[in-house]
Amino acid sequence: MGKNTEQIEAIIQQIEEIRQLFKTTAEVLPFIADLFQFLKDLMPIITETNLSIVESTQNLPTASHRIADVNQTTEMATQTILDKLDAISSRLESVRQDVTANRQQDIAEIQDDIAHIMYALQFQDITAQKLEHANRILQTIYEKFLTIFQQADELKTTSQIGQRFIHDLNGSTDEAELQRRRQTLREKMSDTVRQQGISQDDIDQYFK
Amino acid sequence: MSKKILFVDDSPTMRRIIRNTLNRIGYEDLIEAEHGMDALEKLNGQSVDLIITDWNMPEMSGEELIKVLRGDANYKDIPVLMITTRGMKDDVMTALALGVNGYVVKPFTPEVIKKKITELIG
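Residues numbered from 1 in each chain as written. Chains lettered and ligands numbered in written order. Predicted model: local features only at pLDDT ≥ 70, side-chain atom pairs only at ≥ 80, totals over all residues. Heavy atoms only, no water.

Quick notes on the interface of chain B and chain A
Alright, step 1. Taken residue by residue, the interface counts 16 residues in chain B and 17 residues in chain A.
Alright, step 2. Across the interface of chain B and chain A, roughly 1500 Å² is buried in total on both sides, 50% from carbon and sulfur atoms.
Alright, step 3. Of all residues in chain B, B:T13, B:R16 and B:R24 give up the largest surface area on contact with chain A, accounting jointly for 39% of the area buried on that side.
Alright, step 4. Where chain B touches chain A, the interface holds four salt bridges.
Alright, step 5. Residue B:R16 pairs with A:D86 through a salt bridge whose shortest N-O separation is 2.7 Å.
Alright, step 6. Counting across the interface, chain B meets chain A through 12 residue pairs in polar contact (both at pLDDT 80 or more).
Alright, step 7. In terms of residues, the side of chain B that touches chain A owes the most to one element, helix α1 (residues 12-24) of chain B, which gives eight residues. (Contact = heavy atoms within 4.5 Å. Buried area = accessible area lost by both parts, 1.4 Å probe. Salt bridge = Lys/Arg side-chain N within 4 Å of Asp/Glu carboxyl O. Polar contact = N/O pair within 3.5 Å; in protein donor to acceptor, adjacent residues only side chain to side chain. Helix = DSSP H or I, 4+ residues; strand = E, 2+ residues; numbered from the N terminus.)

See below:
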């Protein structure tokens, strides 16, 4: 008899636990629903952020090449200026013997001015080294983002939640809207400075 | 002046400016190199009176070059003047610890270079 009572009490205890569980679930459900709604609202922002990061990352190698181009261009220009300065200096030396004594001082002063222009051209090396440093930072950021993208790919292929998340992420905005945003981003980041994709000869061909 | 100077810099602009500066202050016997490895190849056992080197260079940096020079009986006593964009105190301390004899931060003036060279090789 006593054993039966214990069993009944155990069953009642289990029923009470189940009831409590349902009660807790009922209390938690609105919170979970609210949380999911919040995530849903958040999805367009995450999509936008994701799109911006991907597009920006794709442009990093181009930015890096542009920096290298700048260094090359300023190096060439500086060499041209140095060539001209050397030529002027040589010509001054050759005319020095033909000028009167009272003009010798003028020639010496011009030579000094030439030397000062030359020393000022050290800026090319100094700025080039700073740009190279910035370039290395860009390359590091690019490699870091590539690693993150790779990890994100692994996440969506190995977990169901990851697959759902990526699916929702991609599906939360319609394709036309995505294309429009991509185009806007591309326009913002496009390089409007003259590029060397086409030669002057090629351009002239169009105008013949 | 018959002093022989080796100068090392990866920037063609800087090499021209240094060469011109040295010529203007009277040094004509010059060897130039693009980086540390190039400098060692051009030295090839011969002695020079002074080595002027940049710090940041491809292939072999100025820092690595000085380590090699200071560890080689043929070159360990050659004065080294470093001309670099690196102007932090830690950089100067590192150079000093490496055994650099003079340190100039770019951009330099001919007066500064002349003074440093005079201090090092008279």
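Overview of the sheet that holds strand β3 (residues 50-53) of chain B
Residues and elements named next belong to chain B.
Alright, step 1. Ordered by their spatial adjacency, five strands build an open sheet running β2-β1-β3-β4-β5, and the pairing between neighbours is parallel. Looking along the sheet, the strands with just one partner apiece sit at the ends: β2 (29-33) and β5 (102-105). The sheet shows a mean angle of 15° between the axes of neighbouring strands, direction not considered.
Alright, step 2. As paired elements, strand β1 (residues 4-8) and β3 share four bridges and run parallel to each other. Bridge assignment links I5 to a residue of β3, and that residue is L50. (Pairing = 2+ DSSP bridges. Axes fitted to C-alpha atoms, helices over the stretch in contact; angles between N-to-C directions.)

Considering the environment of B:G99
Alright, step 1. Its location among the elements puts B:G99 in the loop between α4 (89-98) and β5.
Alright, step 2. A sequence separation of 22 residues divides B:G99 from B:D77, and the C-alpha atoms of the two residues are 9.6 Å apart.

Concerning the pairing of β3(B)
Residues and elements named next belong to chain B.
Alright, step 1. By the alternation rule, side chains of β3 split into L50 and I52 and I51 and T53, which are all buried.
Alright, step 2. One ladder, built from three bridges, connects β3 with strand β4 (residues 80-84); its direction is parallel. The partner of T53 across the bridge, within β4, is M82.
Alright, step 3. Handedness of the β3-helix α3 (residues 62-70)-β4 crossover: right-handed. (Buried < 20%, exposed > 50% of the residue type's maximum accessible area, 1.4 Å probe, protein only. Right-handed = clockwise from strand over helix to strand, strands pointing away.)

Notes on the packing of aromatic side chains
Residues and elements named next belong to chain A.
Alright, step 1. In this structure the tally under the stated criterion is two aromatic pairs over all chains.
Alright, step 2. Note on F145 and F149: the rings are 6.1 Å apart at their centroids and 25° apart in plane angle, and the pair reads as stacked. Taken together, the residues F145 and F149, both in helix α3 (residues 123-158) and four residues apart, mark about one turn of the helix.
Alright, step 3. Under the relative-accessibility criterion, F145 is labelled partly exposed at 26%.
Alright, step 4. According to the relative accessible area criterion, F149 is partly exposed, its value standing at 23%. (Phe/Tyr/Trp six-rings, centres within 6.5 Å; stacked < 30°, edge-to-face > 60°.)

Some points on unusual backbone geometry
All names here are of chain B.
Alright, step 1. With omega at 0°, the peptide bond leading from K106 into P107 counts as cis.
Alright, step 2. Here P107 shows up in the loop between β5 and α5 (110-121).
Alright, step 3. Residue E59 is not a glycine yet carries a positive backbone phi of 65°.
Alright, step 4. The topology assignment puts E59 in the loop between β3 and α3.

Concerning the confidence of the model for chain B
Alright, step 1. Mean pLDDT over chain B stands at 92; residues scoring 70 or higher make up 99%.
Alright, step 2. Our summary of model confidence lists the complex with pTM equal to 0.69 and ipTM equal to 0.78. (pLDDT = per-residue confidence, 0-100.)

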